[in-house]
Amino acid sequence: KMTFIEKDGTVREVEAPVGLSVMEISHKHGVDIEGACGGCLACATCHVVVHPDWSGKLSEKREEEEDMLDLAFEVKKTSRLGCQILMSEELDGLVVALPGAPLPWEE
């Protein structure tokens, strides 16, 4: 499972099959993440903000991902591209917010 915090603050817990990216999972469950390039690191439309408790459990950002995040809006310290986060057993329970969503961990 994983949790999305949508722009209006709605919290959605969804099934998150191992091996799928956060972007793919969002599409499967109708979460408003575009992913215009289909996950090939050519845009930043799958930008998500990862809960700080989970940030350190993700793989390191590659330079290409950093470059694309430079083009994104409302980038935070824990911002990542959803296409680059692949679900694994270790990420069961992952929490991410869409850009512009209220971040409960910053309150």
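Every residue gets a number counted from 1 within its own chain, in the order that chain's sequence is written. The predicted nature of this model means local features are confined to residues of pLDDT at least 70 and side-chain atom pairs, given and counted, to a pLDDT of 80 or more, with totals for whole chains, interfaces and linings taken over all residues. Note that water and hydrogens are dropped before the side-chain values are worked out from all heavy atoms of the structure.

Trainee: Before we go on, may I ask you to explain the overall build of the protein in this structure?
Mentor: Comment: elements are numbered from the N terminus, with helices defined as DSSP H or I runs of at least four residues and strands as E runs of at least two. Looking only at helices and strands, one finds three helices and five strands in the protein. Along its sequence from the N terminus, the protein presents helices and strands in the succession β-β-α-β-α-α-β-β. For 107 residues, the compact-globule estimate of 2.2 N^0.38 gives 13 Å, and the protein sits close to it at 12 Å. Here the C-alpha coordinates of the protein stretch approximately 30 × 30 × 25 Å along the principal axes. The cut-offs for exposure are 20% and 50% of the maximum accessible area for each residue type, with area from a 1.4 Å probe on protein chains only; residues under the lower value are buried, those over the upper are exposed, and the others partly exposed. Evaluated residue by residue, the protein yields a buried proportion of 44% over its 107 residues. Taken as a whole, the protein presents about 5800 Å² of accessible surface, with 48% of it coming from carbon and sulfur. A distance of 2 Å separates the average location of the 10 positive side-chain charges in the protein from that of its 21 negative side-chain charges. In this description the radius of gyration comes from C-alpha coordinates, and the expected globular size is given by 2.2 Å times residues to the power 0.38. All accessible areas in this document rest on Shrake-Rupley with a 1.4 Å probe, and a residue is counted as covered only by the protein chains that are shown. Positive: Lys, Arg. Negative: Asp, Glu. His and the chain ends are not part of the count. A charged residue contributes its charge at one atom only: NZ of Lys, CZ of Arg, CG of Asp or CD of Glu.

Trainee: Looking at this model, I keep getting lost on the packing of aromatic side chains. Mind explaining?
Mentor: The geometry of an aromatic ring pair is captured by two quantities: the separation of the ring centres and the angle between the planes. Centres within 6.5 Å are what make two rings of Phe, Tyr or Trp a pair, Trp counting through its six-membered ring; a difference in plane orientation under 30 degrees is then read as stacked, over 60 as edge-to-face, and the rest as tilted. The full count for this structure, using the stated rule, is zero aromatic pairs. By the criterion adopted, a ring carries a charge over it if an Arg CZ or a Lys NZ lies within 6 Å of its centre and within 35 degrees of its normal. Above the ring of tryptophan 54, the side-chain terminus of lysine 57 is found at 4.5 Å from the ring centroid.

Trainee: What is the right way to read the pattern of salt bridges from this model?
Mentor: Two side chains of opposite charge can pair, provided their charged atoms sit close to one another. Every case where a carboxyl oxygen of Asp or Glu lies within 4 Å of a side-chain nitrogen of Lys or Arg is listed as a salt bridge. A complete count under the given rule lists six salt bridges for this structure. With its nearest N and O atoms 2.5 Å apart, the salt bridge here joins lysine 1 to glutamate 15. A residue pair is termed long-range when its members are at least 10 positions apart, and lysine 1 in the segment before strand E1 (2–5) and glutamate 15 in the loop between strand E2 (11–14) and helix H1 (22–28) qualify at 14 residues. The class of lysine 1 is partly exposed, set by a relative accessible area of 40%. Its relative accessible area of 46% is what places glutamate 15 among the partly exposed residues.

Trainee: Just to check I follow, could you spell out unusual backbone geometry for this structure?
Mentor: One can expect most non-glycine residues to show negative phi and most peptide bonds to be in trans. With a phi close to 60°, leucine 41 is a non-glycine residue in the positive phi region. Mapped onto the elements, leucine 41 comes out in the loop between H1 and strand E3 (47–50). Even without glycine at this site, glutamate 74 takes up a positive phi of about 55°. Examined against the element boundaries, glutamate 74 turns out to sit in the loop between helix H3 (63–69) and strand E4 (79–81).

Trainee: Can you help me understand the pairing of E1 in this one?
Mentor: Regular strands place side chains that alternate from one sheet face to the opposite one. On E1, burial covers both faces: Met2 and Phe4 on one face and Thr3 and Ile5 on the other are all buried. The pairing of E1 with E2 spans four bridges and is classified as antiparallel. Note that in E2 the partner of phenylalanine 4 across the bridge is arginine 12. A pair of strands is labelled paired if DSSP reports no fewer than 2 bridges between them. Hairpin connection, E1 to E2: the antiparallel pair is bridged by five residues, and glycine 9 has positive phi, about 95°. Relative to strand E5 (residues 94–97), E1 runs parallel, the two sharing four bridges. Paired with methionine 2 across the strands is leucine 94, a residue of E5.

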